[in-house]
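These are the residues of each chain, in order.
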Amino acid sequence: DRSLEAAAVFRETNQAALLFVAPIDPEKHFMDSLSIPMASTADQFRKVMTQLGVPAQKVNYLRGPATSTMDEADRIAAYVKADAKVKRVVIVTSSFHSRRAFRIFRDRFEKAGVRITINVSPSRYTDFNPVIWWRRKSDASIVVTEWLKIFYYVLIGQFQ
């Protein structure tokens, strides 16, 4: 859902580049250890974006691995701080994650001294339903996990 949203935002704004922080890739590392070739998450993302009409040269990724939203925010803040041309960042994320993502990016950018506009674009391509989240086990799990992560960030994460 995030890939579809990222491509849609790119097409709608027609002025940006996509910046992606490479996550930990445990499946790729495992397959590599077995000498079985597998594309990295970053390579898969770039391929999906080009199939969705985003020019390959507009898809950039920062080397990771990022293990959390805080890691992603810190890496992107450092990138933005080094590039004075960047005036706005749109965070593409899953709908259930948008509140926490915005807060983390806002806090981490402020901590890094980055003063730019931050917008969040929650994916419109998700099957998560916030209105009846308790009816499906997968949605209930997402809600409980997200609230635990918000709780952790408020109590501990924001001070790291």
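See the structure above.
1. So, helix α5 (residues 98-111)
Compared with an ideal rise of 1.5 Å per residue, which puts 14 residues at 20 Å, α5 spans 20 Å between its outermost C-alpha atoms and is within 8% of the ideal. Elements that come into contact with the buried residues of α5 comprise α4 (69-82), β3 (88-93), β4 (117-122) and α6 (137-155). One or two steps after α5, the chain reaches Gly113, where phi turns positive at roughly 80 degrees.

2. Here's the deal with the side chain of Glu5
In this fold, Glu5 is placed in helix α1 (residues 2-13). The exposure class of Glu5 is buried, given its relative accessible area of 2%. In this structure Glu5 touches Val92, Ser121, Pro122, Ser123, Arg124 and Tyr125, once residues within four positions along its chain are discounted.

3. Here we look at a nonpolar patch on the surface
A surface patch of nonpolar side chains, about 410 Å² in accessible area, is lined by Phe151, Tyr152, Leu155 and Ile156. Locating Tyr152 in the fold gives a position in helix α6. Given a relative accessible area of 38%, Tyr152 falls into the partly exposed group.

4. Focus on the packing of aromatic side chains
Two aromatic rings are characterised by how far apart their centres lie and by the angle between their planes. Scanning all chains against the criterion turns up four aromatic pairs. Taken together, a centroid distance of 5.6 Å and an interplanar angle of 70 degrees make the contact between Phe96 and Phe128 edge-to-face. With Phe96 in the loop between β3 and α5 and Phe128 in the loop between β4 and α6, this residue pair connects regions lying 32 residues apart in the sequence. With a relative accessible area of 27%, Phe96 lands in the partly exposed category. Given the relative accessible area of 11%, Phe128 is considered buried.

5. Quick notes on the side chain of Ser123
Counting through the fold element by element, Ser123 comes out in the loop between β4 and α6. A distance of 2.9 Å separates a polar atom in the side chain of Ser123 from the backbone oxygen of Asp1. Apart from residues lying up to four places away in sequence, Ser123 is in contact with Asp1, Arg2, Glu5, Thr93, Ser94 and Ser95.

6. Topic: the pairing of β4
Direction of pairing for β3 relative to β4: parallel, over a ladder of six bridges. Its bridge partner lying in β4, Val90 is registered against Asn119. Assessed by its sense of winding, the connection that carries the chain from β3 through α5 to β4 is right-handed.

7. Re the nonpolar core
Among the nonpolar cores identified, the biggest contains 18 residues, and Ile76, Val80, Val89, Ile91, Phe105 and Phe109 are the most heavily contacted of them. The set of elements that each furnish at least two residues to this core consists of β2 (59-66), α4, β3 and α5. With five residues, the single largest contributor to this core is α4. Contacts of Phe105, omitting those with residues within four sequence positions, involve Thr69, Glu72, Ala73, Ile76, Ile91 and Ile118. Membership of the second largest hydrophobic core comes to ten residues, among which are Ala6, Ala7, Phe10 and Leu18.

The rules behind each value
Residues numbered from 1 in each chain as written. Predicted model: local features only at pLDDT ≥ 70, side-chain atom pairs only at ≥ 80, totals over all residues. Heavy atoms only, no water. Helix = DSSP H or I, 4+ residues; strand = E, 2+ residues; numbered from the N terminus. Expected span 1.5 Å × (residues − 1). Contact = heavy atoms within 4.5 Å. Buried < 20%, exposed > 50% of the residue type's maximum accessible area, 1.4 Å probe, protein only. Patch = residues over 30% accessible without salt bridge, like charges linked within 9 Å, V, L, I, M, F, W, Y side chains within 5 Å. Areas by Shrake-Rupley, 256 points an atom, 1.4 Å probe, with all protein chains shown as cover. Salt bridge = Lys/Arg side-chain N within 4 Å of Asp/Glu carboxyl O. Phe/Tyr/Trp six-rings, centres within 6.5 Å; stacked < 30°, edge-to-face > 60°. Polar contact = N/O pair within 3.5 Å; in protein donor to acceptor, adjacent residues only side chain to side chain. Pairing = 2+ DSSP bridges. Right-handed = clockwise from strand over helix to strand, strands pointing away. Core = buried A, V, L, I, M, F, W, Y, C linked by side-chain atoms within 4.5 Å.

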